[in-house]
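# Chain and residue survey
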Amino acid sequence: MADAMRAMLDELMGPERNVPLDERTNRKRHFSDPDICKYFLCGLSPSFIFKNTKSADDVYRILGPYEETVVCDEQCKAEWESTPQEEKDKYGYEYDLLQLLEKLVSECDKRVKRAYERIDRDAEHPTFSPEDVKTLLRYKQQAVDLAKQ
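Below, the structure is looked at part by part. From a predicted model like this one, the values you see are computed outputs, not experimental measurements.

Membership of the largest hydrophobic core is limited to nine residues, which are Cys37, Tyr39, Phe40, Val59, Tyr66, Val70, Leu97, Leu100 and Leu104. When residues of this core are traced back to their parent elements, those giving at least two are α2 (38-41) and α7 (93-124). Residues contacting phenylalanine 40, with those up to four places away along its chain left out, are Ser45, Cys72, Asp73, Glu74 and Lys77.

The full count for this structure, using the stated rule, is six salt bridges. One salt bridge in this structure joins aspartate 35 and arginine 29, with 3.6 Å as the shortest N-O distance. Residue aspartate 35 is classed as partly exposed on the basis of its relative accessible area of 27%. A salt bridge links arginine 29 to aspartate 73; the shortest N-O distance between them is 3.8 Å. Separated by 44 residues along the polypeptide, arginine 29 in the loop between α1 (2-13) and α2 and aspartate 73 in the loop between α4 (55-63) and α5 (74-81) bring together distant segments of the chain. Residue arginine 29 shares its accessibility class with aspartate 73, and that shared class is buried. When salt bridges that share partners are traced, they join Asp58, Arg61, Glu107, Lys110 and Arg111 into one network.

Turning to the packing of aromatic side chains, a few remarks are in order. On inspection of all chains with the given rule, the structure shows five aromatic pairs. With 5.1 Å between their ring centres and 75° between their planes, phenylalanine 31 and tryptophan 80 make a pair best called edge-to-face. Taken together, the residues span a long stretch of sequence, with phenylalanine 31 in the loop between α1 and α2 and tryptophan 80 in helix α5 at a distance of 49 residues. Look at phenylalanine 31 and you get buried, because its relative accessible area is 2%. Taking the relative accessible area as the measure of exposure, tryptophan 80 reaches 1% and is therefore buried. Members of the aromatic cluster, connected to one another through ring pairs, are Phe31, Trp80, Tyr91 and Tyr93. Between the NZ or CZ atom of lysine 77 and the centre of the ring of phenylalanine 40, over which it lies, the distance is 4.9 Å. Its end group placed over the ring of tyrosine 139, arginine 138 keeps NZ or CZ at 5.7 Å from the ring centre.

Let us look at the environment of alanine 56. With respect to the element layout, alanine 56 can be found in helix α4. On a C-alpha basis, the gap between alanine 56 and proline 46 in space is 8.3 Å, while along the polypeptide they are 10 residues apart.

Each value, and the rule that gives it
Residues numbered from 1 in each chain as written. Predicted model: local features only at pLDDT ≥ 70, side-chain atom pairs only at ≥ 80, totals over all residues. Heavy atoms only, no water. Core = buried A, V, L, I, M, F, W, Y, C linked by side-chain atoms within 4.5 Å. Buried < 20%, exposed > 50% of the residue type's maximum accessible area, 1.4 Å probe, protein only. Helix = DSSP H or I, 4+ residues; strand = E, 2+ residues; numbered from the N terminus. Contact = heavy atoms within 4.5 Å. Salt bridge = Lys/Arg side-chain N within 4 Å of Asp/Glu carboxyl O. Phe/Tyr/Trp six-rings, centres within 6.5 Å; stacked < 30°, edge-to-face > 60°. Lys NZ or Arg CZ within 6 Å of the ring centre and 35° of its normal.

Shown next, in the form of structure tokens:
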């Protein structure tokens, strides 16, 4: 909790918020700083895009507590976007994002495959026999009749 509050204060007031005014360097962030979200620079931050989805667990498993350790800075993103593509290629951030997205797609494909296998398995072995279905329908009708009374 304290780390989250510290990160929020750093984002609002800057990392030098506790340094006395005469000792501040007022260093401007650069997109290559280690605390800048490289995926956000490239236009997609997976921890935010996949938040509250089934893929959020995959993102956390692959990246770890990534979103708690980085900052999504709009000024750095604008600086990144104004950088020539040849220089962007030297950093490799876009390639890293591509690798991450391929891993996430692979994980999602595995989940879909398992779901199809489960559906096929359940279709091969029906859970109710015809007698069970008749009994179930009879109980359902009795419930409707009792509800009307």
